[in-house]
Amino acid sequence: MAEAEASRWISTFLDARAAELGAARNTQLAYGRDLLDFADWLARRGLGFVDAGREAVEDYLVHCDAQGFSKATRARRLSSIRQLYRFAFEEGWRADNPALRLTGPGRTKSLPKTLSEDEVTRLMEAARTRARNPADRLRDTALFELLYATGLRVTELVGLPVAAVRGDPRMILVKGKGAKERMVPLSTPARLAVSDWLAHRDAEEEAGRKAGRTASRHLFPGDGRDGHLTRQYFHTLVKDVAVLAGISPARVTPHVLRHAFATHLLAHGADLRVIQTLLGHADLATTEIYTHVLDDHLKELVLTRHPLARKG
């Protein structure tokens, strides 16, 4: 009975959250995993969502700490629990929110890892030559040029609809987190790479239609469940390209290229609010972390390039 009740609470909460906030699928999955883990932990102690008190929530957070979870993970789990109970209070399932006044561990702010402009150039060159198949070379080039030119999240990139790039646009419409839309400009190299890939892709699609196959609505079709290139495939592709470019694959991920996009824009004088818009950040504070990266860059320039810098 307790298991069925926990499942009902979680599914109802997630459904309502998706309907009201348009929460991204990956965010929903993360919340679901967090709450299922909390429900299992409570069940082993003979408790459920309906009768767990503040002490139980605190004990669960201690348990998460003992498991070696990072501060960010523990903070997210507390947020998941707090929001579930807030929803339960609003629905009348509980008369209180036992997680309301808990502060949690906080999140450790770390500077985003990035790449130099020279390293990005080497990645672009490697993407053009990695694959033996000419079609894959066109696709890889379009993927990398688009990612660095726009700073898209990997889910936004691989799921980009082909309609977004029809007609050689100077800007494309991107649907981001929470189904929020934003316009992102394309660089000339990105437009050329997309145009070359699109010509090949359309020819392949036309041949497929004649053979009775359904046309894909995605710019980068794939065998994944959603019909486009998967995040996992692209992540592996980025590692392969990094190796070919002579860069440690441990330093390169799709998200690092997104960071490089933002950091290089800021270093060349772009306004922080413009970068916030391009990245799709809801809060300027999220974008402000890039100013710290730039501070380090400027500090390094002064110490290594200034004529009066001490040699030592």
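Refer to the structure above for everything that follows.
Let us look at the structure shown here. Values in this document were obtained by computation on a predicted structure and should not be read as measured data.

Describing the overall build of the protein chain
Phase 1 of the analysis: Secondary structure assignment for the protein chain yields 13 helices and two strands.
Phase 2 of the analysis: Of all 312 residues assigned to the protein chain, the portion counted as buried reaches 42%.
Phase 3 of the analysis: Considering only residue pairs separated by 6 or more positions, the protein chain has 58% of its internal contacts joining residues 24 or more positions apart.
Phase 4 of the analysis: Roughly 17,600 Å² of accessible area belongs to the protein chain as shown, and the carbon and sulfur atoms make up 53% of that amount.

Topic: a nonpolar patch on the surface
Phase 1 of the analysis: The grouping of Met171, Leu173 and Met183 at the surface amounts to a nonpolar patch, some 270 Å² of accessible area in total.
Phase 2 of the analysis: Mapped onto the fold, methionine 183 is located in strand 2 (residues 181–185).
Phase 3 of the analysis: What makes methionine 183 partly exposed here is its relative accessible area of 41%.

A few points about the packing of helix 10 (residues 254–267) against helix 11 (residues 272–279)
Phase 1 of the analysis: Where helix 10 meets helix 11, the axes come as close as 10 Å, and the angle between the chain directions of the two elements is 160°. Between helix 10 and helix 11, the angle is such that the two are roughly antiparallel. Where helix 10 crosses over helix 11, the two elements pack in a sense that is right-handed. Only Leu272, Ile275, Leu278 and Leu279 of helix 11 make contact with helix 10, whose side of the interface consists of Arg258, Phe261, Ala262, Leu265 and Leu266.
Phase 2 of the analysis: When grouped by side-chain class, the residues that make up the contact of helix 10 with helix 11 number eight nonpolar, no polar and one charged.

Considering the pairing of strand 1 (residues 171–175)
Phase 1 of the analysis: Taking every second residue as pointing to the same face, the buried face of strand 1 carries Ile172 and Val174, while none of Met171, Leu173 and Lys175 on the other face is buried.
Phase 2 of the analysis: As judged from the five bridges shared by strand 1 and strand 2, these two strands associate in the antiparallel manner. Bridging across to strand 2, leucine 173 finds its partner in methionine 183.

Observations regarding the side chain of serine 80
Phase 1 of the analysis: Turning to its location among the elements, serine 80 is positioned in helix 4 (residues 71–91).
Phase 2 of the analysis: Non-local contacts of serine 80, meaning those with residues more than four positions away in its chain, are made with Tyr31, Asp34 and Leu35.

Some thoughts on the nonpolar core
Phase 1 of the analysis: Residues Leu123, Phe144, Leu146, Leu157, Leu219, Phe220 and Phe234 are the most contacted members of the largest nonpolar core, which totals 50 residues.
Phase 2 of the analysis: For this core, the elements supplying multiple residues, two or more each, are helix 5 (117–129), helix 6 (134–150), helix 7 (154–158), strand 1, helix 8 (188–210), helix 9 (231–244), helix 10 and helix 11.
Phase 3 of the analysis: When residues of this core are assigned to their parent elements, the largest contribution, six residues, is made by helix 10.
Phase 4 of the analysis: Apart from the residues lying within four places of it in its own chain, the contact partners of leucine 123 are Leu115, Val241, Ala242, Ala245, Ile247, Val252 and Leu257.
Phase 5 of the analysis: Core analysis: the second largest hydrophobic core is formed by 27 residues, Leu35, Ala52, Leu84 and Tyr85 among them.

Brief notes about the pairing of strand 2
Phase 1 of the analysis: In strand 2, alternate side chains face the same way, and those of Arg182 and Val184 are buried while those of Glu181, Met183 and Pro185 on the opposite face are not.
Phase 2 of the analysis: Hairpin connection from strand 1 to strand 2: five residues lie between these consecutive antiparallel strands, with glycine 178 at a positive phi of about 65°.

Procedures and definitions
Counting from 1, residues in each chain are numbered in the order their sequence is written. Only residues with pLDDT of at least 70 get local features here, since the model is predicted, and only at 80 or more are side-chain atom pairs given and counted; chain-wide, interface and lining totals rely on the full set of residues. Remark: hydrogens and water are excluded; side-chain values derive from all non-hydrogen atoms of the structure. Each helix corresponds to a stretch of at least 4 residues labelled H or I by DSSP, and each strand to a stretch of at least 2 residues labelled E; elements are numbered beginning at the N terminus. Burial classification: accessible surface area is computed with a 1.4 Å probe over protein chains only, and a residue below 20% of its type maximum counts as buried, one above 50% as exposed, and the rest as partly exposed. Residues count as neighbours in contact if any of their non-hydrogen atoms are within 4.5 Å of one another. Accessibility throughout is a Shrake-Rupley quantity obtained with a 1.4 Å probe, and a residue counts as covered only by protein chains that appear here. Patches draw on residues past 30% relative accessible area with no salt bridge. Two like charges within 9 Å are joined, as are two nonpolar side chains (Val, Leu, Ile, Met, Phe, Trp, Tyr) within 5 Å. Every case where a carboxyl oxygen of Asp or Glu lies within 4 Å of a side-chain nitrogen of Lys or Arg is listed as a salt bridge. Only the stretch in contact is used when a helix axis is fitted, and all axes are lines through C-alpha atoms; the angle between N-to-C directions ranges over 0 to 180 degrees. Orientation categories follow fixed angle ranges, with anything under 35 degrees roughly parallel, anything over 145 roughly antiparallel, 65 to 115 roughly perpendicular, and all other angles oblique. For any helix crossing, the convention is left-handed if the near helix is rotated counterclockwise from the far helix by under a right angle, and right-handed if that rotation is clockwise. Lys, Arg, Asp and Glu make up the charged group, whereas Ala, Val, Leu, Ile, Met, Phe, Trp, Tyr, Cys and Pro make up the nonpolar group; the residues left over, Gly among them, are polar. Two strands make a pair as long as DSSP finds a minimum of two bridges between them. To form a nonpolar core, buried Ala, Val, Leu, Ile, Met, Phe, Trp, Tyr and Cys residues must be joined to one another through side-chain atoms within 4.5 Å.

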